[in-house]
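# Observations on chain architecture
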Amino acid sequence: MSNPQQLRYSKEHEWVSPAEDGVSTVGITEHAANALGDVVYVQLPEAGATVTAGEPCGELESTKSVSDLYSPVSGEVTEVNQDVVDDPALVNSAPFEGGWLFKVRVSEEPGDLLSADEYAAFTHE
């Protein structure tokens, strides 16, 4: 399993892209998607909502369990991935591409986000 080097990772298994014009993309890692099993439902924060780093902002429901979704950064949600709402299996099949969850105008990025190599060591991969 390879974690894209340009992303930063939280210990709650979310990833965040580098900001483009102040907006970053958020998703869950392949490690988390595999642990969850087949995702059948996603509840995402609405555009315009404020999210706080490390706080729950949605849910992912799989055939195995329900898991909280945590935002890796603080800011205002600018867009949600409607494709994932319509087809939650994208979270499993393409967690770093089409399975992204939401975009956020970042107001604060915590200092404890991990690099790809640090995340791989954290998950023992």
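Preceding this paragraph is the structure being described.
Residues numbered from 1 in each chain as written. Predicted model: local features only at pLDDT ≥ 70, side-chain atom pairs only at ≥ 80, totals over all residues. Heavy atoms only, no water.

Before going further, it helps to spend a moment on the packing of aromatic side chains. Taken as a whole and judged by the stated rule, the model has three aromatic pairs. The interplanar angle of 45° and the centroid separation of 6.1 Å between the aromatic rings of W15 and F96 together place this pair among those described as tilted. Pair noted here: W15 is in strand β2 (residues 14-16) and F96 is in the loop between α3 (90-93) and β9 (102-108), with a separation of 81 residues, a long-range link. When the centroid spacing of 6.3 Å and the interplanar angle of 40° are considered together, the rings of Y119 and F122 count as tilted. Of this pair, Y119 and F122 are both found in helix α4 (residues 116-122), three residues apart, which corresponds to roughly one turn of the helix. One aromatic cluster is present, formed by Y9, Y119 and F122 through successive ring pairs. (Phe/Tyr/Trp six-rings, centres within 6.5 Å; stacked < 30°, edge-to-face > 60°. Helix = DSSP H or I, 4+ residues; strand = E, 2+ residues; numbered from the N terminus.)

Read from one edge of the open sheet, three strands run β4-β6-β7, paired in antiparallel fashion. Since the sheet does not close on itself, it has two edges, and those belong to β4 (39-43) and β7 (66-70), each with one partner. Each adjacent strand pair in this sheet contributes to an overall mean axis angle of 25°, direction not counted. As paired strands, strand β6 (residues 56-62) and β7 are joined by five bridges and run antiparallel to one another. If you follow G58 over to β7, its bridge partner there is L69. (Pairing = 2+ DSSP bridges. Axes fitted to C-alpha atoms, helices over the stretch in contact; angles between N-to-C directions.)

It is worth spelling out the sheet that holds strand β3 (residues 23-28) at this point. The strand order β1-β2-β3-β9-β8-β5 describes an open sheet built from six strands, whose pairing is antiparallel. The two strands at the open ends of the sheet, each matched to only one other strand, are β1 (8-9) and β5 (50-51). Pairing geometry for β1 and β2, over two bridges, is antiparallel. Looking at the pairing, R8 lines up with V16 of β2.

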